[in-house]
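Notes for the structure review
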Amino acid sequence: MKKSIEISVVVPMFNEKDTIMELYSQISEVMEKTKKSWEFVIVDDGSTDQTPEMIRELAKKDDRVRPVIFARNFGQQAAVKAGLDYSRGEGVVVIDADLQDPPEVILELIEKWEEGYEVIYAQRTEREGESFLKLLTAKMFYATIQRLTDINMPMNTGFFRLLDRKVVDVINQLPEKNRFFRGLSIWVGFKQIAVPYKRKARFAGETKYPFSKMFKLAITAITGFSFFPLQVAMYLGFISSGIAIITIPVVIIMRMLGNQAFLGQASTLIAVLFLGGVQLVSLGIIGEYIGRLYDEVRGRPMYIVREAPDMDE
Ligand code: UDP
Ligand code: MG
C-alpha cells in the first residue's frame, strides 16, 4: 500500500558528512511542528566521504528517511531531479544540505501553500558569509538572465522552495536534461509567491560551487531559456556589412579625389582580426547549442542510481 504523505523534503548531498546529522535533527524538529506526515528524500550525489553510509544509517533508524544513492556525481540539478522523481508528498520542499537555507522557513512556505499557492520560492534578502566574488557573480548572473531570457526570474532565489504536487508532476515530465531548476519552476506558471528569508553561512564544509561550475550553470540557464546568443552573430553581421556598405563608396570617392588616407596594414589587420574573432565566437555559440542538442538527442539518463527507495512501500 502506498502511504499518503503530505510533505516531502528533498535534499541533494555531495560530501556533506559534517552537516547531515544537524540537518536531519533541525528538519525533523521543524516538521514535527507542522503535525503533517512527511518524508525525507536524501539524494547522495556521488559523495566521496561517509555521506552515503550516514544516510543509510539514518534510514535504518527512521523510516521516513528515503535514500537515493547515485552511481557517481551528476550535479545538484540532477540530484534535485531525482529527489522530485522519488518524492511522494502532496507538497515537495527542496532545500540545500548545508543549512544556509534555515529549515524554520519551511513553516512559512507551508503556510503559503495552505493558502493555495503552488510555487513558493524562498527569496534571500541578505546573505551571510559569502565572498565578494560570489555576490558579484550572482548579481551579474541575475542581470544577464533578466535581460536575455523570456522568463521573469526573481532575483536571489536558489533551490529552496516548495512545489505543489501538480507542479512537481509537470516538471518531472519535462524530458530535458540540461536543466535549470530555478528557471523551470518559474517557467511552468501556476500560482507563485516569494517568501523572504535571510541566507546564513554554511554550517560546515566548503561550497561545492567553484567558479567553473557556476559558469557552466549560467550557460545552461541562458541557453535553456534564450536564443539571443544565436542571434548575436546575425546582428553583428548586419552591423559590419552596414559599415562596409557605407565605407566602400567613401573610400572610392576619396581615392578618386587623390586622397591617400585609409591605406596601411594596421587597419586591414584590425578588420581581419575583428571579423575572424566574431566568426569564431559565433561558431562557438552555435557549437554550444549543438552540443546541448546532441546531449538531449543521445537520450542518456540525467542520473544513474545505485540504490533507490521502493516507490510502493
Ligand atoms: N550539491 C550536490 N551536487 C554537487 C554540488 C552540490 O548535490 O555536485 C549539493 C550540496 O551538497 C548542497 C547543495 O547542493 O546541499 C548546494 O551546494 P553548495 O552549498 O556547495 O552551493 P552554494 O550554497 O555555495 O551555492
Ligand atoms: Mg551552500
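This write-up is about the structure you can find in this document.

Among the seven residues in strand 2 (residues 38-44), seven count as buried, and that is most of the element. In strand 2, alternate side chains face the same way, and those of Trp38, Phe40, Ile42 and Asp44 on one face and Glu39, Val41 and Val43 on the other are all buried. Strand direction decides the pairing type here: strand 1 (residues 7-13) and strand 2, joined by seven bridges, are parallel. Counted as the bridge partner of Val10 is Val41 from strand 2. Across five bridges, strand 2 lies against strand 3 (residues 65-70) in parallel orientation.

In this section: the coordination of the magnesium ion (ligand 2). Protein-derived coordination of the magnesium ion (ligand 2) comes from Asp98 (OD) and Gln100 (OE1), at a distance range of 1.8 to 1.9 Å. Comparing Asp98 with Gln100, the two get one shared label, buried.

Its location among the elements puts Gly91 in strand 4 (residues 91-94). Residue classification places Gly91 among the buried residues on the basis of a relative accessible area of 0%. Remark: the alpha-carbon pair of Gly91 and Ile286, spanning 195 residues in sequence, is separated by 39 Å. If we ignore the near neighbours within four places in the chain, the residues touching Gly91 are Glu6, Ile7, Ser8, Trp113, Leu162 and Leu163.

Cut-offs and rules
- Residues numbered from 1 in each chain as written.
- Chains lettered and ligands numbered in written order.
- Predicted model: local features only at pLDDT ≥ 70, side-chain atom pairs only at ≥ 80, totals over all residues.
- Heavy atoms only, no water.
- Buried < 20%, exposed > 50% of the residue type's maximum accessible area, 1.4 Å probe, protein only.
- Helix = DSSP H or I, 4+ residues; strand = E, 2+ residues; numbered from the N terminus.
- Pairing = 2+ DSSP bridges.
- Donors = N, O, S within 2.8 Å, 3.2 Å for Na, K, Ca; no water.
- Contact = heavy atoms within 4.5 Å.

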